[in-house]
Amino acid sequence: MQTAVRSSLPETEFTSRANFAPHARVVREERQGERQAQTTGLPLSIRGLRKSFGDNEVLRGIDLHIPAGQFVAIVGRSGCGKSTLLRLIAGLDKIDAGSISFGQDVQPEDIRVMFQEPRLLPWARVLANVEVGLGRDRALGDAHARAEKALTEVGLADKRDQWPSVLSGGQKQRVALGRALVSRPRVLAFDEPLGALDALTRISMQRLLERVWRDQGFTAILVTHDVAEAVALADRVLVIDEGRIAHDVTVNAGRPRQRGSAELAGLEGSILSHLLSADDRT
Amino acid sequence: MSLIDSVSLPRSFRLPRVDGLIQWIVPLAIIAIWQVASVTGFVPTRVLPAPSDVLLAGWKLLLSGELVRNIWVSFWRASIGFLIGGSIGFAFGLANGLSQLSAKLTDTTLQMVRNVPHLALIPLVILWFGIDESAKLFLVALGVFFPIYLNTLHGIRTVDPQLIEMGRIYGMSDGELFRRVIFPGALPSIFVGIRFALGIMWLTLIVAETIAASSGLGYMAMQAREFMLIDVVVLSILIYALLGKLADSASRVLERLTLSWHPAYWKR
């Protein structure tokens, strides 16, 4: 945090160590205020990305540019490397070759991941679980207020004092979303976050995801095996096959999208046929 | 049939006090049957004195101060031995659960020591420590060490790796990760270890006091045997049962307090 604060100030302002602290506090508050007012997504450039696990080459050269604030869905058969790509973007695994850049230095709080499992701490109340998402800002005085705001955003303000074990699957996943959102990330990576939910809960979660993405403007990367979900949410759908981007499909439908409209269904059909034709080859 | 009846009783009939007392029905019934059997001469008092005689013997010992002193001595030995052995076991469990190096270095040795029945060390311990306090403390600590060590280790090793990854992603430091993820995750298993250890604690202490001691409940029972005071012998055994129950209840209360997040510990 301190390095970020320091670099965002002109060097000349630091005439002595003594006045560093008050300056830093002011700047930090401004920075938070500014970020809460208009969070901007980060662009993402991937060049020649490769990753192997042992002899198994999972990603065989991915080149990709994602503009700031875009909603990208990644689909593919299981084992195609889509989750691996997401984990590399999120910095969870080491890159073998190639590069991923966000165009500037990023803080860990700028990039957040949401998994298929909610991964809540069972021994922490809902609010405390959301506070975990603040990262190094947990110790600040406004942690409670920020966590409560994030809980309100996902519609669970009234569950703040509950244990996670009393929540339904969809509610747990909303808490996980709140935890991911609380630090106002600029890139949010979703690894099949709705995969374990029932059909109705899925649709309401999809709406929630779309709403927070539109409100906050982060760059969203969604890995899913559900093509209908991909075309319903994303600006752009990437089909990954054998460790490469096989198709890059732009979804031009306006928002809010009409689920099951002919336009989306047609798009879904063509993407599915891409996936299935790849299946026939093997 | 009667079981089904009791289950389907309307809730209003089951007062909370009755729920708490229900567990004492069986022990009290056994004592009642025992009393009747003794009074009618079905069980000769040379074999088993009547509960009333045992109570009387207890009352006499209570008045002389002997009972309180011996219980206190035993209780003190049990607690100190438990604290020493438990802390060391917990420390090794933590170290070996968190550090591969530490586990490689010590786990094999500890597993070998574990397979020696610690009561088999009594002759050696008497040679080392005499029948001093330290002999009893050593044995209790040794007996308590292993269940706590093994369960702490197991608890830490089985913390959900997905939660640990989550903690790392959200920027937790090592200390914070331990405090907020690993330790709470290992706690249910640690409690299993504590409850096992409490049982072993009494067992060890009784054996040690019976063989080599000059005070304590085990000593009291052995003295009574020498003078054929069978009521005092039975009294000692009953006190062991009560103390064991007490220790178990204490650990349950602690579990309820610290594991209130866990659905298994919610009051049904």
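Residues numbered from 1 in each chain as written. Chains lettered and ligands numbered in written order. Predicted model: local features only at pLDDT ≥ 70, side-chain atom pairs only at ≥ 80, totals over all residues. Heavy atoms only, no water.

Examining the overall build of chain B
Next up, step 1: Across its full length, chain B carries 12 helices and 0 strands.
Next up, step 2: Each helix and strand of chain B, placed in order from N terminus to C terminus, yields the pattern α-α-α-α-α-α-α-α-α-α-α-α.
Next up, step 3: Expressed as a percentage of contacts within chain B between residues at least 6 apart in sequence, the contacts between residues at least 24 apart total 71%.
Next up, step 4: Surface exposure of chain B reaches about 15600 Å², of which carbon and sulfur atoms provide 72%. (Helix = DSSP H or I, 4+ residues; strand = E, 2+ residues; numbered from the N terminus. Contact = heavy atoms within 4.5 Å. Areas by Shrake-Rupley, 256 points an atom, 1.4 Å probe, with all protein chains shown as cover.)

Remarks on helix H9 (residues 161-169) of chain B
Residues and elements named next belong to chain B.
Next up, step 1: If you check which residues of H9 are buried, you get Leu-163, Met-166, Gly-167 and Ile-169. Buried residues of H9, seen end-on, are gathered within an arc of 160 degrees and therefore sit on one face of the element.
Next up, step 2: Backbone geometry just downstream of H9 places Gly-171 in the positive-phi region, at approximately 75 degrees. (Buried < 20%, exposed > 50% of the residue type's maximum accessible area, 1.4 Å probe, protein only. Arc of directions from axis to C-beta.)

With respect to the nonpolar core
Next up, step 1: Of all hydrophobic cores here, the largest spans 69 residues; its most connected members are A:Leu121, A:Leu177, A:Phe190, A:Phe218, A:Val237, A:Ile271 and B:Val181.
Next up, step 2: Here this core takes 7 residues from helix H10 (residues 174-211) of chain B, the largest share from any one element.
Next up, step 3: Looking at this core, you find at least three residues from each of domain 1 (41-106 + 186-282) and domain 2 (119-184) of chain A.
Next up, step 4: Among residues more than four places away in sequence, those in contact with A:Phe190 are A:Leu86, A:Met114, A:Leu177, A:Leu209, A:Phe218, A:Ala220, A:Ile221, A:Leu222 and A:Val223.
Next up, step 5: Membership of the second largest hydrophobic core comes to 28 residues, among which are A:Phe102, A:Ile111, A:Ala189 and A:Val223. (Core = buried A, V, L, I, M, F, W, Y, C linked by side-chain atoms within 4.5 Å. Domains from an automatic or database assignment.)

What about the packing of aromatic side chains?
Next up, step 1: The full count for this structure, using the stated rule, is 11 aromatic pairs over all chains.
Next up, step 2: Between B:Phe90 and B:Phe183, the aromatic rings sit 6.2 Å apart at their centres with planes inclined by 80 degrees, giving edge-to-face as the arrangement. Taken as a pair, B:Phe90 in helix H5 (residues 66-98) and B:Phe183 in helix H10 lie far apart in primary sequence, 93 residues in all.
Next up, step 3: Aromatic pair B:Phe129 and B:Phe138: ring centres 5.4 Å apart, planes at 40 degrees, arrangement tilted.
Next up, step 4: Residue B:Phe129 is classed as partly exposed on the basis of its relative accessible area of 29%.
Next up, step 5: Within the aromatic cluster, the residues linked to one another by ring pairs are B:Phe92, B:Phe145, B:Phe146 and B:Tyr149.
Next up, step 6: Positioned over the ring face of A:Phe115 is A:Arg119, at 3.6 Å from the centre of the ring. (Phe/Tyr/Trp six-rings, centres within 6.5 Å; stacked < 30°, edge-to-face > 60°. Lys NZ or Arg CZ within 6 Å of the ring centre and 35° of its normal.)

Some words on the sheet that holds strand E6 (residues 187-191) of chain A
Residues and elements named next belong to chain A.
Next up, step 1: On the basis of which strands lie adjacent, the open sheet formed by 6 strands has the order E5-E6-E7-E3-E8-E9 and mixed pairing. The open sheet has two free edges, formed respectively by strand E5 (111-114) and strand E9 (244-250), since each of these has just one partner strand. Neighbouring strand axes in the sheet, compared pairwise and without regard to direction, differ in orientation by 20 degrees on average.
Next up, step 2: As paired elements, strand E3 (residues 71-75) and strand E7 (residues 219-223) share 4 bridges and run parallel to each other. (Pairing = 2+ DSSP bridges. Axes fitted to C-alpha atoms, helices over the stretch in contact; angles between N-to-C directions.)

Focus on the sheet that holds strand E1 (residues 44-53) of chain A
By definition, the strands of a sheet pair up through backbone hydrogen bonds, in either a parallel or an antiparallel sense.
Residues and elements named next belong to chain A.
Next up, step 1: Spatially, the 3 strands line up as an open sheet ordered E2-E1-E4, and their pairing is antiparallel. Both outer strands of the open sheet, strand E2 (56-66) and strand E4 (97-101), are each paired with one neighbouring strand and no more. When strand polarity is set aside, the average angle formed by the axes of neighbouring strands in this sheet is 20 degrees.
Next up, step 2: Relative to E2, E1 runs antiparallel, the two sharing 8 bridges. When the sheet's bridge partners are listed, Ser-52 is paired in E2 with Glu-57.

Thoughts on helix H7 (residues 199-216) of chain A
Residues and elements named next belong to chain A.
Next up, step 1: End to end, H7 covers 26 Å across 18 residues, agreeing with the expected 26 Å (1.5 Å per residue, within 8%).
Next up, step 2: When H7 is considered as a whole, its buried residues turn out to be Arg-202, Met-205, Gln-206, Leu-208, Leu-209, Glu-210, Val-212, Trp-213 and Gln-216.
Next up, step 3: Of the residues flanking the end of H7, it is Gly-217, one or two places downstream, whose phi is positive at about 70 degrees. (Expected span 1.5 Å × (residues − 1).)

A look at the side chain of B:Glu255
Residues and elements named next belong to chain B.
Next up, step 1: Following the sequence through the fold, Glu-255 ends up in helix H12 (residues 230-258).
Next up, step 2: Classification of Glu-255 by relative accessible area gives buried; the value is 5%.
Next up, step 3: Excluding residues within four positions of it along the chain, Glu-255 makes contact with Phe-191, Arg-195, Ser-260 and Tyr-265.

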